[in-house]
Structures are given as C-alpha cells and as structure tokens.
Amino acid sequence: QVQLVESGGGLVQAGGSLRLSCAASGRTFTIYVMGWYRQVPGKEREFVATISKDGREIIADSVKGRFTISGDFKKDSVYLQMDSLKPEDTAVYFCNSVVYGADSYWGQGTQVTVSS
C-alpha cells in the first residue's frame, strides 16, 4: 500500500505561481511513476504531468511551458511548479503513483483556484 498526501494548493491571481508537493508513505520502494492529475466538478479527471523513477517526464500540452514536474524518489516526493497560472487551471489537483505491478494510488487532492 502507498499513501499520498498533497500540499501547496491555494488561491492565486492569474499570472502567479504555486508549487504543489506530494509525499508518499508506505511501500514506497515499489513506486515506479509519480505524477499529477486535475479535475473540475462535472468534468473528467485530466492528466497534467508524470515523472518516472528513471527521470522520464511527460507534460500535458495544456500546461507545457508553464508547469514543471520534478521528483525526489529518495524522499518519496513529487512536485509540480506551476507558473503563469490561468483561470482555466482552477481545479482539484491529485497526486498519483504507480507501483511495480501496475497498481495505482491517489492522494486526497488539493484545491488550486486562479482568479482572473
């Protein structure tokens, strides 16, 4: 089992920045990928970014050039640096991890609100 806890969400004006953090605990030695998804009420959960244990990154086109994902697997943590935030970035952001064996785990989510 892996437990994930997000932090760093909040309110920010358009053009501002936030840094999200996710800390994993439990059977963290099995983690292969960590990343971020976001969801607006009434819409599907949307992929944002992932980073694998070997350092490979995938960034969604909608945030490419503005968001940066980084990970410190020695500390069982992943981060999302969000710059040039737009109102359409407003969502609940969820941390995700995938372990060897392909099981996936989710955090509780942290709210990001960007005002116009």
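Structure: see above.
Figured I'd write up the structure that's included with this text. (Residues numbered from 1 in each chain as written. Predicted model: local features only at pLDDT ≥ 70, side-chain atom pairs only at ≥ 80, totals over all residues. Heavy atoms only, no water.)

Considering the nonpolar core
Grouped burial of nonpolar side chains is what soluble globular proteins tend to show. Met-34, Trp-36, Leu-80, Met-82 and Tyr-93 are the most contacted members of the largest nonpolar core, which has 30 residues in total. Put simply, the parts of the chain that give this core at least two residues each are strand S1 (2-7), strand S3 (18-26), strand S4 (31-39), strand S5 (46-52), strand S7 (67-72), strand S8 (77-82), strand S9 (91-99) and strand S11 (110-115). With sequence-adjacent residues up to four places away left out, Met-82 is seen in contact with Gly-16, Ser-17, Leu-18, Leu-20, Arg-66, Phe-67, Tyr-93 and Val-112. (Core = buried A, V, L, I, M, F, W, Y, C linked by side-chain atoms within 4.5 Å. Buried < 20%, exposed > 50% of the residue type's maximum accessible area, 1.4 Å probe, protein only. Helix = DSSP H or I, 4+ residues; strand = E, 2+ residues; numbered from the N terminus. Contact = heavy atoms within 4.5 Å.)

Observations concerning the packing of aromatic side chains
Centre-to-centre distance and the angle between the planes together describe a pair of aromatic rings. Under the definition given, this model contains 4 aromatic pairs. Residues Tyr-37 and Trp-106 carry aromatic rings whose centres are separated by 5.1 Å and whose planes lie at 70° to one another, so their mutual orientation is edge-to-face. With Tyr-37 in strand S4 and Trp-106 in strand S10 (residues 104-106), the pair connects residues that are 69 residues apart, well separated along the chain. Summarising the aromatic geometry, the rings of Phe-94 and Trp-106 are spaced 6.5 Å apart at their centres and angled 85° between planes, so their arrangement reads as edge-to-face. Note that Phe-94 is positioned in strand S9 and Trp-106 in strand S10, a separation of 12 residues in sequence. Exposure remark for Trp-106: the relative accessible area of 38% places this residue in the partly exposed category. Linked through ring pairs, Tyr-37, Phe-47, Phe-94 and Trp-106 together constitute an aromatic cluster. Directly above the aromatic system of Phe-94 lies the positively charged group of Arg-45, at a separation of 3.8 Å from the ring centroid. (Phe/Tyr/Trp six-rings, centres within 6.5 Å; stacked < 30°, edge-to-face > 60°. Lys NZ or Arg CZ within 6 Å of the ring centre and 35° of its normal.)

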